[in-house]
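Summary of the model geometry
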Amino acid sequence: MDLRQDFLIIGSGIAGLRAAAELAPVGRVLILTKAEPREGNTGYAQGGIAAAVGPGDSPALHAADTIAAGAGLCDEQAVTVLVEDGPRYVHELIEWGAVFDRDPEGNLALALEAAHGARRVLHAADATGREISRTLWARVAGLSSVTAHDHARAVDLIVEGGRCVGARFLREDGTLGSARADVVLLATGGAGQVYSDTTNPLVATGDGVAMAYRAGARVADLEFFQFHPTALDVPGQPRFLLSEALRGEGARLLNSYGEAFMTRYDPAGDLAPRDRVARAIVRESARTAGKVTLSLEHLDHDFVRTRFPRIAAACQLAGLDLARDRIPVGPAAHYMMGGVQTDLDGRTTVAGLFAAGEVACTGVHGANRLASNSLLEGLVFGARAGLAMAQSRQASGSGEPEEARSPNASTPWSLPTDTSIQSLMWRHVGFFRDRQGLETALAELEPASRALEGRLQTGEPLNASQWRTASLLTTARLIARAALRREESRGGHYRSDFPKRDDILWKRRESEGLHTGGSFSARNGSI
Ligand SMILES: Cc1cc2nc3c(=O)[nH]c(=O)nc-3n(C[C@H](O)[C@H](O)[C@H](O)COP(=O)(O)OP(=O)(O)OC[C@H]3O[C@@H](n4cnc5c(N)ncnc54)[C@H](O)[C@@H]3O)c2cc1C
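Residues numbered from 1 in each chain as written. Predicted model: local features only at pLDDT ≥ 70, side-chain atom pairs only at ≥ 80, totals over all residues. Heavy atoms only, no water.

So, the pairing of strand 7 (residues 153-160)
What counts is decided by this rule: Each residue is placed in one exposure class: buried if its accessible area under a 1.4 Å probe, protein chains only, is under 20% of its type's maximum, exposed if it is over 50%, and partly exposed if it falls in between. Here a helix means four or more residues in a row that DSSP labels H or I, a strand means two or more in a row labelled E, and each is numbered from the N terminus. What makes two strands pair is DSSP finding at least two bridges between them.
Across the 8 residues that make up strand 7, a large majority, 8, are buried. Looking at chain direction, strand 7 and strand 8 (residues 163-170) are connected through 7 bridges and run antiparallel. Looking at the pairing, I158 lines up with G166 of strand 8. What sits between strand 7 and strand 8 in their antiparallel hairpin is a turn of 2 residues, with G161 showing a positive phi close to 55°.

Notes on the nonpolar core
Note the cut-off: Nonpolar cores are built from buried Ala, Val, Leu, Ile, Met, Phe, Trp, Tyr and Cys residues. Side-chain atoms within 4.5 Å join them into one set. Residue contacts follow a heavy-atom distance rule, with two residues in contact if any of their heavy atoms lie within 4.5 Å.
Judged by nonpolar contacts, the single largest core of 63 residues is most densely connected at L8, L157, L186, Y195, M425, V429 and L445. For this core, the element with the highest residue contribution is helix 15 (residues 464-485), accounting for 11 residues. Ignoring any residue separated from it by four or fewer positions in sequence, one finds M425 in contact with V194, Y195, G430, L445, A476 and I479. Listed in part, the 49 residues of the second largest apolar core include L93, A98, V146 and A356.

Focus on a negative patch on the surface
The cut-off we apply is this: Patch membership requires more than 30% relative accessible area and the absence of a salt bridge. Residues of like charge join within 9 Å; the nonpolar side chains Val, Leu, Ile, Met, Phe, Trp and Tyr join within 5 Å. The method behind every accessible area is Shrake-Rupley, applied with a 1.4 Å probe, and residues are considered shielded solely by the protein chains displayed. Here, a salt bridge means any side-chain nitrogen of Lys or Arg that lies within 4 Å of a carboxyl oxygen of Asp or Glu. Under this rule, positive means Lys or Arg and negative means Asp or Glu; His and the chain ends count for nothing. Here the site of a charge means NZ on Lys, CZ on Arg, CG on Asp, or CD on Glu.
Negative charge collects at one region of the surface, where E36, D150, E172 and D173 lie side by side. For D173, the location among the structural elements is in the loop between strand 8 and strand 9 (176-180).

Some details on the domain arrangement of the protein chain
Cut-off, in case you're wondering: Throughout the structure description, domain borders are defined by an automatic or database domain assignment. In short, buried area is how much 1.4 Å probe accessible area vanishes from two parts on joining, totalled over both. Throughout this description, a polar contact denotes any pair of N or O atoms lying within 3.5 Å of each other; where both atoms belong to protein, one of them has to be capable of donating a hydrogen while the other can accept it, and for residues adjacent in sequence the pair is counted only when both atoms sit in side chains. Any residue outside Ala, Val, Leu, Ile, Met, Phe, Trp, Tyr, Cys, Pro, Asp, Glu, Lys and Arg is labelled polar, Gly included; the first ten of those are nonpolar and the last four are charged.
Domain boundaries in the protein chain define domain 1 (229-333) and domain 2 (418-522). Inter-centroid distance (C-alpha atoms) of domain 1 to domain 2 is 30 Å. Each partner contributes to the interface: domain 1 provides 7 residues, whereas domain 2 provides 5 residues. Buried area between domain 1 and domain 2, summed over both chains or domains, comes out near 560 Å², and the portion from carbon and sulfur atoms is 71%. In this assembly, domain 1 and domain 2 are joined by 0 salt bridges. There are 1 residue pair in polar contact (both at pLDDT 80 or more) connecting domain 1 and domain 2. Sorting the residues of the side of domain 1 that touches domain 2 by element identifies helix 9 (274-288) and strand 15 (326-336) as the ones contributing at least two each. The greatest single-element share of the side of domain 1 that touches domain 2, amounting to 4 residues, is contributed by helix 9. Classifying every residue of the side of domain 1 that touches domain 2 by side-chain character gives 4 nonpolar, no polar and 3 charged.

Thoughts on the packing of aromatic side chains
As a reminder of what qualifies: Two rings from Phe, Tyr or Trp (for Trp, the six-membered ring) form a pair when their centres sit within 6.5 Å of each other. Planes less than 30 degrees apart are called stacked, planes more than 60 degrees apart edge-to-face, and all others tilted.
In this structure the tally under the stated criterion is 10 aromatic pairs. Taking 5.2 Å as the distance between ring centres and 70° as the angle between the ring planes, the aromatic pair formed by Y195 and F225 counts as edge-to-face. Taken as a pair, Y195 in the loop between strand 10 (183-186) and helix 6 (207-214) and F225 in strand 12 (residues 225-232) lie far apart in primary sequence, 30 residues in all. When sorted by exposure, Y195 lands in the same class as F225, which is buried. Ring geometry for F432 versus Y494: centroids 5.7 Å apart, planes at 85°, classification edge-to-face.

Comments concerning the sheet that holds strand 8
For the record, the criterion: Think of each axis as a best-fit line through the C-alpha atoms, taken over the contacting stretch in the case of a helix, with angles from 0 to 180 degrees between the N-to-C directions.
Read from one edge to the other, the open sheet built from 4 strands follows the order 1-9-8-7, with strand pairing classed as mixed. Edge positions in the open sheet fall to strand 1 (3-4) and strand 7, since each of these has one partner strand only. Judged from the 5 bridges that link them, strand 8 and strand 9 form a sheet pairing that is antiparallel. The partner of L170 across the bridge, within strand 9, is L176. Each of strand 7 and strand 8 is contacted by helix 15, which is oriented at about 70° to strand 7, the strand it contacts most.

A few points about the site of the ligand
Spelled out, the test is: We call a residue near a molecule or strand when any one of its heavy atoms sits within 4 Å of it.
Surrounding the ligand, one finds 38 residues, the nearest of these being T42, G48, D207, E358 and S374. Here a nitrogen atom of the ligand and a backbone polar atom of K34 are 3.1 Å apart. Contacts to the ligand include D207, whose side-chain N or O atom sits 2.7 Å from a nitrogen atom. Contact with the protein chains removes 97% of the 1,000 Å² of surface that the ligand exposes when unbound. Breaking the shell around the ligand down by element, the ones donating at least two residues are helix 1 (14-23), helix 2 (41-44), strand 7, strand 15 and helix 12 (373-395). Within the shell around the ligand, the residues separate by chemical class into 13 nonpolar, 19 polar and 6 charged.

Regarding the side chain of N200
With respect to the secondary-structure elements, N200 resides in the loop between strand 10 and helix 6. Given a relative accessible area of 6%, N200 falls into the buried group. In terms of polar contacts, N200 uses its side chain to reach the side chain of T199, at 3.3 Å. A distance of 3.0 Å separates a polar atom in the side chain of N200 from the backbone oxygen of H334. In this structure, N200 is in contact with N41, A191, G192, Q193, A333, H334 and E358, ignoring residues within four places of it in sequence.

Quick notes on unusual backbone geometry
One non-glycine residue, D221, adopts positive backbone phi at about 60°. Relative to the helices and strands, D221 is located in the loop between strand 11 (219-220) and strand 12. Despite not being glycine, S372 shows a phi value in the positive range, around 70°. Considering the arrangement of structural elements, one finds S372 in the loop between strand 18 (360-361) and helix 12.

Below, the structure is given as structure tokens:
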């Protein structure tokens, strides 16, 4: 049976839940989420959420740090919204019951993270995302107007008369359903899984980017992917994130001779921006033919274990003591700066379709995200999208129904495997890129994508694992195309063949959409 509510939210991370809290008083809200309700990047966030709430700090200082990290490409209006609305929404979270760490006097204990000029990162030990998720679920779960379906994977958006009116989704038993609503929010999070080495959980497959692109929405800034410099690098263990907050508290990066080396690569040393630390680690590993490690040996051992209990437990599983041992680290795909292009209220270029959180590209991060700004983005722009969706619903008429597609005869086809896409992306579209590698990647991704599009046009159903591969493939191809176009290095995008930043030709953001023949156009500021 088809589901019908006033608002459909796809995804139950910080962005989706914050939007749900905004919409619940004005209509019936349906949340579809692909796995367990709390599974998603939000639940894994460690270091914290940034907001100018401390003494001596201000939204203007937070904006300046965000814009500096964004390497010339931040949408400054979006940054202003983020830093000015941020403190209000963070205080609201605290009123709703979020417990952040405090100092002995009861003041919020604010951490310092890389490229922040002030202590402004609120945290709940090293499991901040879990605390935020708990708080938001407690807020929405009790509301009678909110219904949530887990293990419901949205696979395609329904667009009628040019307006998005819902989504088709796959249930756990493999049957297809559809959920219709006046307005739809994509809050599907990131796409770290397009790479073989990632800090992201299995659900982060870029579904939102792929669905929105197929529905005709523009996507932007996808060449900017952040590789976190310090993921655990122990064979056979997951690439667990070793938060930047460790370095904020004094942890040091050492080469295989036990020497601190970061100041040779960057004057900011261990707290340099993530992309520079990631490249320095790879180069230093190559130079010394050994792994780089993170060392907290010189810090108080009890402090380390109390401040970072979750990270200490993950290290223990790998047979390492966070407080005493040198922990092998290396870069892993972490955060998608680009995504579905939106305005300041989450509107995409398709009527009736909004996007918020990591799947969206508001422009706040520019070419590189400042640490701890993404939870804040999900919170602030999730709330703003909720507000705008409520208004949009009042203004919307119902779209013209589309003719149902009937399956054509089956055509032979085959998809690449997930692991082949992931390792192709890691090798050729990772943190060192060049024309040859990008063209090699696209030589595989383009024909596979065309075959996928052909198959989808037949209307024949895919199974869950084929849909997963389809998302990886579509998102990977869009990232690779964007990376090939940008012939310079900036923020999270590094071209070995164009190693310099080129403000004359490339100080611009780019987007791509299906209905413009896959071409792209420059864009300044918000859409
Ligand atoms: C290990 C790690 C540590 C991090 N630490 C920090 C930090 O300290 N500070 C910070 O600011 N940021 C941090 N980040 C980034 C931050 O966590 C994310 O950017 C943010 O939580 C994204 O929130 P979201 O709501 O957009 O997406 P998510 O929290 O990822 O939620 C996406 C939701 O969409 C669902 N979904 C996906 N596809 C579908 C589909 N097809 N159908 C239905 N549902 C779907 C998922 O199941 C999930 O519920 C970290 C990320 C990771 C991975």
